[in-house]
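Here is how the chains run, residue by residue.
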Amino acid sequence: MRKEADDTGPNSELVYWKERMASFNALLDQIKSQPCKTTIGILFAAKSKIIKHWKTLDARITDAANEAKRQRQVLVHTDEVLQTIEEMQSCGDAGLHSRSDQRHSHDQLHFQILQYFGEND
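Residues numbered from 1 in each chain as written. Predicted model: local features only at pLDDT ≥ 70, side-chain atom pairs only at ≥ 80, totals over all residues. Heavy atoms only, no water.

Chemist: Tell me about the overall build of the protein, and name the residues and values.
Modeler: A tally of regular secondary structure across the protein gives 5 helices and 0 strands. Reading the secondary structure of the protein in the N-to-C direction produces α-α-α-α-α. Looking at the protein alone, contacts between residues at least 24 apart form 64% of all its contacts between residues at least 6 apart. Accessible surface, the protein as shown: approximately 9300 Å² in total, 54% of it carbon and sulfur. (Helix = DSSP H or I, 4+ residues; strand = E, 2+ residues; numbered from the N terminus. Contact = heavy atoms within 4.5 Å. Areas by Shrake-Rupley, 256 points an atom, 1.4 Å probe, with all protein chains shown as cover.)

Chemist: Go over the nonpolar core with me, naming the residues and quoting the values.
Modeler: Of all hydrophobic cores here, the largest spans 8 residues; its members are Phe24, Leu28, Ile31, Ile40, Trp54, Ile61, Ala64 and Ala65. Broken down by secondary-structure element, the contributors of at least two residues to this core are α1 (10-31) and α3 (50-91). With 4 residues, α3 is the largest single contributor of residues to this core. In contact with Ile40, other than residues within four places in its own chain, are Ile51 and Trp54. Listed in part, the 5 residues of the second largest apolar core include Leu14, Trp17, Ala68 and Leu75. (Core = buried A, V, L, I, M, F, W, Y, C linked by side-chain atoms within 4.5 Å. Buried < 20%, exposed > 50% of the residue type's maximum accessible area, 1.4 Å probe, protein only.)

Chemist: Which residues make up unusual backbone geometry, and what are the values?
Modeler: One non-glycine residue with positive phi stands out, namely Lys47, at about 55°. Take Lys47: it is sitting in the loop between α2 (34-45) and α3.

Chemist: Describe α2, with residues and values.
Modeler: Taking 1.5 Å per residue as the helical rise, α2 with its 12 residues ought to reach 16 Å, and the 16 Å between its terminal C-alpha atoms agrees with that figure. Residue Lys47 follows α2 closely and has a positive phi angle near 55°. (Expected span 1.5 Å × (residues − 1).)

Chemist: Could you give an account of the confidence of the model for the protein, naming the residues involved and the relevant values?
Modeler: Residues at a pLDDT of 70 or more form 66% of the protein, whose mean pLDDT is 76. Mean pLDDT in the protein bottoms out at helix α4 (residues 93-98), which sits at 54, and peaks at α2, which reaches 93. (pLDDT = per-residue confidence, 0-100.)

Chemist: Explain the environment of Ile61 to me, and be specific about the residues and the numbers.
Modeler: Within the element layout of this structure, Ile61 appears in helix α3. For Ile61, a relative accessible area of 9% gives the class buried. Considered as a pair, Ile61 and Leu28 are 33 residues apart in the sequence and their alpha carbons are 7.9 Å apart. Residue contacts for Ile61: discarding those within four places in its chain leaves Phe24, Leu27, Leu28 and Ile31.

Encoded structure:
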């Protein structure tokens, strides 16, 4: 579990998840490279015992990359909602109606994320 300081804000979280997503994307690019695919294909053909471990590791890498992507999306949308709230507060009731579609989109994403984390409990 990741520990963070009490003064950590949304921007540092966004930077963290962007960096994590970039790391996993680089790893996924290497896994998708031709030399890696060839090696895995040879191991499959040879019915190597390491393939079982490889499948587990590949699934964990993919899950972690997807989590980083979802976390980044949540943080970006949260930032957008906070900016929208600030704009609505500055323009009054007129801003409320113009931003309702953005809020609905954010709520849908938030619900999807909660469903994902609820499945792991």
